[in-house]
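Here is how the chains run, residue by residue.
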Amino acid sequence: MQITADGLLLRSLPNPLTPAEIAGIRDARPAGPPPTPASEPVRVERRVSCRGALVIAGQRIHVGNAHAGETLTVEAANTTFRVHDGDQLLLEVPRTTTKTIARFKVRKPEPSRRGSGGRTTGI
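Residues numbered from 1 in each chain as written. Predicted model: local features only at pLDDT ≥ 70, side-chain atom pairs only at ≥ 80, totals over all residues. Heavy atoms only, no water.

A. Inspection of the nonpolar core at higher detail. Counting residues in hydrophobic clusters, the biggest one holds 15 residues, and the most contacted among them are L54, I56, I61, V74, F81 and V83. When residues of this core are traced back to their parent elements, those giving at least two are β4 (53-56), β6 (71-76), β7 (80-85) and β8 (88-94). For this core, the leading source of residues is β6, giving 3 residues. Excluding anything up to four places from it in sequence, V74 contacts V42, R43, V44, R46, L54, I56, F81, R82 and V83. (Core = buried A, V, L, I, M, F, W, Y, C linked by side-chain atoms within 4.5 Å. Buried < 20%, exposed > 50% of the residue type's maximum accessible area, 1.4 Å probe, protein only. Helix = DSSP H or I, 4+ residues; strand = E, 2+ residues; numbered from the N terminus. Contact = heavy atoms within 4.5 Å.)

B. Fine view of the pairing of strand β2 (residues 8-12). Counting buried residues along β2, only 0 of its 5 residues qualify, which leaves the element largely exposed. Following strand β1 (residues 2-5), the chain reverses through 2 residues before pairing antiparallel with β2; D6 in that reversal takes a positive phi of roughly 55°. (Pairing = 2+ DSSP bridges.)

C. Looking closely at the pattern of salt bridges. Applying the stated criterion across every chain yields a total of 3 salt bridges. For R82, the salt bridge identified is with E92, shortest N-O distance 3.5 Å. You can see R82 sitting in strand β7 and its partner E92 sitting in strand β8, a full 10 residues away along the chain. In this structure E92 comes out as partly exposed when scored by relative accessible area, which is 43%. Among the charged side chains, a network of salt bridges with common partners joins R43, E75, R82 and E92. (Salt bridge = Lys/Arg side-chain N within 4 Å of Asp/Glu carboxyl O.)

D. Spatial organisation of a nonpolar patch on the surface. On the surface, I3, L8, L10 and L13 cluster together to form a nonpolar patch covering roughly 350 Å² of accessible area. Looking at where L8 falls in the secondary structure, it is placed in strand β2. Look at L8 and you get exposed, because its relative accessible area is 54%. (Patch = residues over 30% accessible without salt bridge, like charges linked within 9 Å, V, L, I, M, F, W, Y side chains within 5 Å. Areas by Shrake-Rupley, 256 points an atom, 1.4 Å probe, with all protein chains shown as cover.)

E. Layout of the environment of D85. With respect to the helices and strands, D85 occurs in strand β7. Here D85 falls in the partly exposed class, since its relative accessible area comes to 29%. Separated by 18 residues in sequence, D85 and H67 place their C-alpha atoms 9.1 Å apart. With near-sequence residues (within four places) excluded, D85 lies in contact with H67, E70, L72 and L90.

Rendered as structure tokens:
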């Protein structure tokens, strides 16, 4: 047991609970094994914007206008991002952020805004 105040460790004490009291704690479970890092790079999908860029872990990667609107696969390794279109490697860029990846699948495409309730010309 540790006693802290304002993030400063004041004192470490032995656990005051007996094994029987620990067993009586509601919803208590023994800790499992620690998580292991993935042995292969994480693969995620991203949709390329109309300007030819995609964002992964807070990092904007410019793929090119030729790929605008496409769904591409990104491999996130420790130091690089690899962007794939199917089996073809498009580019590999260095990873400049340390953020974790929050989304793994691409969002559904939004319906086109053209022709739906646009301006009407009054005569």
